[in-house]
Amino acid sequence: MKQRIKISDVQLGYKKSGQIVQVLKDLNLAFDASQLVGIVGLNGVGKSTLLKSIAGLLPLLKGEILIDGIAVNDDAYEVLAKKVAVVLTEKFGGFNLTVIDVVQAGMMPYTNALNQLNAEQMKVVEEAIKLCGLQHHQHRFLEELSDGYFQRTVIAKALAQQTDVILLDEPTAFLDYAAKHDLLIMLKRLCEEAQKCILISSHDLDLLLKYCHKLLVITEDDICCIPVEEAKTNEAFKQIAKGYL
Amino acid sequence: MSNAAKFILLFLLFCIGIYMSLFFGGSESLNFSDLSADFIFYQIRLPKTITAILAGAALSVSGLILQVIFRNPLAGPYVLGISSGASLAVALSVMAGSGLHFLPGFFWAKAYTVLSSIVGSFAMTILILSIAVRVKKNVILLLIGLMISQICGALQTVIEYFAEPESLKNFVLWSMGSMSTTNLQDIPLLAGSTLIVLGLLLFFIKPLNAFLLGQLYAQNLGVSVKQKRFWLILISSSLTGIITAYCGPIAFVGIAVPILSRMLFQVSKQQVHLAACLFLGPILLLFADAFAHSLIKHMALPINMITTFIGAPLVIYLMFKNKQW
């Protein structure tokens, strides 16, 4: 199985008013193609920091991350844009941005300097819009969308980016019940059919248990990657679920 | 109406504006039979018209860039105090420069003023940007910008207090903002520098569009955010700096024109708005200038009065329309 993400000896954190806040340390992980990996952990444990760091949006304090063999660092933005797409929790809008504008932005790593899309690229955008069920909302302004449809729009953008790796930070948060399942089913299919590697953080543990191949369980003092079948017997996972599952 | 039709309309208005500025500016329409009319046309109205076109284009593009970078539709070089920073720098450099006679010739003296103005506006933009990352609400940033421009204004008053009477008069006239302070000799430097800086923007269309999604998404889309942001800030403050050096601080054009452009063209593509600003800005200033010259016979009103009457209500309207501030 082709390895998509390799994390060696990594220490993660961010700077807050000049001071370095260390979030996760001694990370040694690897994720393969065709894997849908759920990231679970309590609030503030570092799920977002991990995802942003893998995408190169936060500098590493130590260590190295490789995506398809390419080191994630400041010089590699342009290459990385074709390797890894993110769905973050940050909101944006205004400036006449519509759904289709955002999905088209996903094509930006492939367009010319004037950011024009050719017919083939338009097709990719259309496909992404269809996959996320946004056909009837293409021309709506972002600020008119419900949180759920905004979420779908950003997911469609990530799909349009056509990357081998997709990182999603709590994408299920605002979706309705059926849409959550639709999303996970779609992601699983993408993984299996297109050999993608998808990491998704979520607090919807039952969803992750149902659809993911693996779980990355993050607690304050440990981080482990387990096959989803072992989750129910895993101490760290049980600690997070607190007996409710 | 299609976007192409809108652009044709803008172009027509642009031509009407030029025609008015060339042939109806000042007190009387021109009679080309005598020599003074020739002088008025070439030394006053032609440079004034060119200046208004360049200033309108440069200030509105400068405002557009700021609004995108700050992701704040209420940003602009005047309301954020960047114009004040530029004029303070000009005041300082003129004061310091009055003792220095090492700058030979007209061109270098002007270039020196322009450069100080650019430095002033760049420093102010960096200051505002460093404040902006700590401020969550757009309106707070606006208030901080206003306070900073008050501080710059106060400092400027101190400088004026010590200035020579003759240079003081020129300086005060300049700081009121005007399209009529340039003559034909000024045009090569003014037009050359403005057009070069505007031309650089062709390389930044993708980053401008990407910045709309926020810095993190922009970076994930392959834009080296820090580098592009630096250049865009440099371009924006150069445009404000160049124009402020010649025309003084011009109010509200930089904030109002991009807002008008987004109301007129309901798209998010920044290349469309850049093009629209190149027409809308000059139209606004050409008409404002014609209006300033024709409202009261034999007297020109300050152009800032008119741009404020257009710009300030727009800002208020936008605050009411968007509840998210």
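Our structure's up above, just so we're on the same page.
Residues numbered from 1 in each chain as written. Chains lettered and ligands numbered in written order. Predicted model: local features only at pLDDT ≥ 70, side-chain atom pairs only at ≥ 80, totals over all residues. Heavy atoms only, no water.

A. Just the overall build of chain B, in detail. Within chain B, the secondary structure is distributed over 13 helices and zero strands. Along its sequence from the N terminus, chain B presents helices and strands in the succession α-α-α-α-α-α-α-α-α-α-α-α-α. On C-alpha atoms alone, chain B measures out to a radius of gyration of 19 Å, which is about the 20 Å that the 2.2 N^0.38 rule sets for 325 residues. Dimensions of chain B, computed from C-alpha atoms along their principal axes, come out at roughly 65 × 50 × 35 Å. The buried share among the 325 residues of chain B stands at 54%. Long-range contacts, defined as pairs at least 24 residues apart, comprise 78% of the intrachain contacts of chain B with a sequence gap of at least 6. For chain B, the distance from the average position of its 18 positive side-chain charges to the average position of its 8 negative side-chain charges is 30 Å. (Helix = DSSP H or I, 4+ residues; strand = E, 2+ residues; numbered from the N terminus. Rg over C-alpha atoms; globule rule 2.2 N^0.38 Å. Buried < 20%, exposed > 50% of the residue type's maximum accessible area, 1.4 Å probe, protein only. Contact = heavy atoms within 4.5 Å. Lys, Arg positive; Asp, Glu negative; His and termini not counted. Charge placed at Lys NZ, Arg CZ, Asp CG, Glu CD.)

B. Structural detail: the packing of helix 12 (residues 270-294) of chain B against helix 13 (residues 303-321) of chain B. Residues and elements named next belong to chain B. Across the interface, helix 12 lies against helix 13 with an axial gap of 9 Å and an inter-helix angle of 125°. Judged by the inter-axis angle, helix 12 sits oblique to helix 13. The element helix 12 and its partner helix 13 pack so that their crossing is right-handed. Two secondary-structure elements touch here, helix 12 through Leu 284, Leu 285, Ala 288, Asp 289, Phe 291 and Ala 292 and helix 13 through Ile 303, Ile 306, Thr 307 and Ile 310. Its residues placed into classes, the contact of helix 12 with helix 13 shows eight nonpolar, one polar and one charged. (Axes fitted to C-alpha atoms, helices over the stretch in contact; angles between N-to-C directions. Parallel < 35°, antiparallel > 145°, perpendicular 65-115°, else oblique. Left-handed = near helix turned anticlockwise from the far one by under 90°. Nonpolar A, V, L, I, M, F, W, Y, C, P; charged D, E, K, R; others polar.)

C. Geometry of the sheet that holds strand 3 (residues 35-41) of chain A. All names here are of chain A. The strand order 6-7-8-3-9-10 describes an open sheet built from six strands, whose pairing is mixed. With partners counted over all chains shown, the strands left at the sheet margins are strand 6 (84-87) and strand 10 (223-227), one partner each. Strand after strand, the sheet turns through a mean of 15° between neighbouring axes, direction not considered. Of the strand pairs in this sheet, strand 3 and strand 9 (residues 214-218) are connected by five bridges, and their pairing is parallel. What sits directly across from Gly 41, in strand 9, is Ile 218. (Pairing = 2+ DSSP bridges.)

D. Geometry of the pairing of strand 9 of chain A. Residue and element names in this part refer to chain A. When you tally the buried positions in strand 9, you get four out of five residues, the bulk of the element. Here strand 9 pairs with strand 10 via five bridges, running antiparallel. Residue pairing across strands places Lys 214 opposite Pro 227, the latter belonging to strand 10. Connecting strand 9 to the antiparallel partner strand 10 that follows it, the hairpin turn spans four residues.

E. Looking closely at the sheet that holds strand 1 (residues 3-16) of chain A. All names here are of chain A. If you walk across this open sheet you meet the four strands as 2-1-4-5, and the pairing is antiparallel. The sheet is open, and its two borders are formed by strand 2 (19-32) and strand 5 (70-71), each paired with just one other strand. As paired elements, strand 1 and strand 4 (residues 62-67) share five bridges and run antiparallel to each other. Paired with Ile 7 across the bridge in strand 4 is Ile 65.

F. Here's a closer look at the interface of chain B and chain A. Across the contact, 27 residues belong to chain B and 33 residues belong to chain A. Buried area between chain B and chain A, both sides added, is near 2600 Å², and the carbon and sulfur share of it is 61%. By the criterion of area lost to chain A, the three top residues of chain B are Lys206(B), Tyr217(B) and Asn220(B), representing 28% of everything that side buries. Here chain B and chain A share zero salt bridges between them. Elements supplying a minimum of two residues to the side of chain B that touches chain A: helix 2 (35-70), helix 8 (205-211), helix 9 (215-220) and helix 12 of chain B. Residue composition of the side of chain B that touches chain A, by class: 12 nonpolar, 11 polar and four charged. (Buried area = accessible area lost by both parts, 1.4 Å probe. Salt bridge = Lys/Arg side-chain N within 4 Å of Asp/Glu carboxyl O.)

G. Spatial organisation of the pairing of strand 1 of chain A. Residues and elements named next belong to chain A. Note that strand 1 and strand 2 share 10 bridges and pair antiparallel. Of the residues in strand 2, the one forming a bridge with Tyr 14 is Val 21. Here strand 1 folds back onto strand 2, and the loop between the two strands holds two residues, one of which, Ser 17, carries a positive phi near 40°.

H. The arrangement of helix 1 (residues 3-23) of chain B in detail. Residues and elements named next belong to chain B. Between the first and last C-alpha of helix 1 there are 30 Å, a value that for 21 residues agrees with the 30 Å anticipated at 1.5 Å per step. Turning to helix 1, its buried residues number three or more, namely Lys 6, Leu 10, Phe 14, Gly 17, Ser 21 and Leu 22. End-on, the buried residues of helix 1 take up no more than an arc of 140°, which puts them together on one face. (Expected span 1.5 Å × (residues − 1). Arc of directions from axis to C-beta.)

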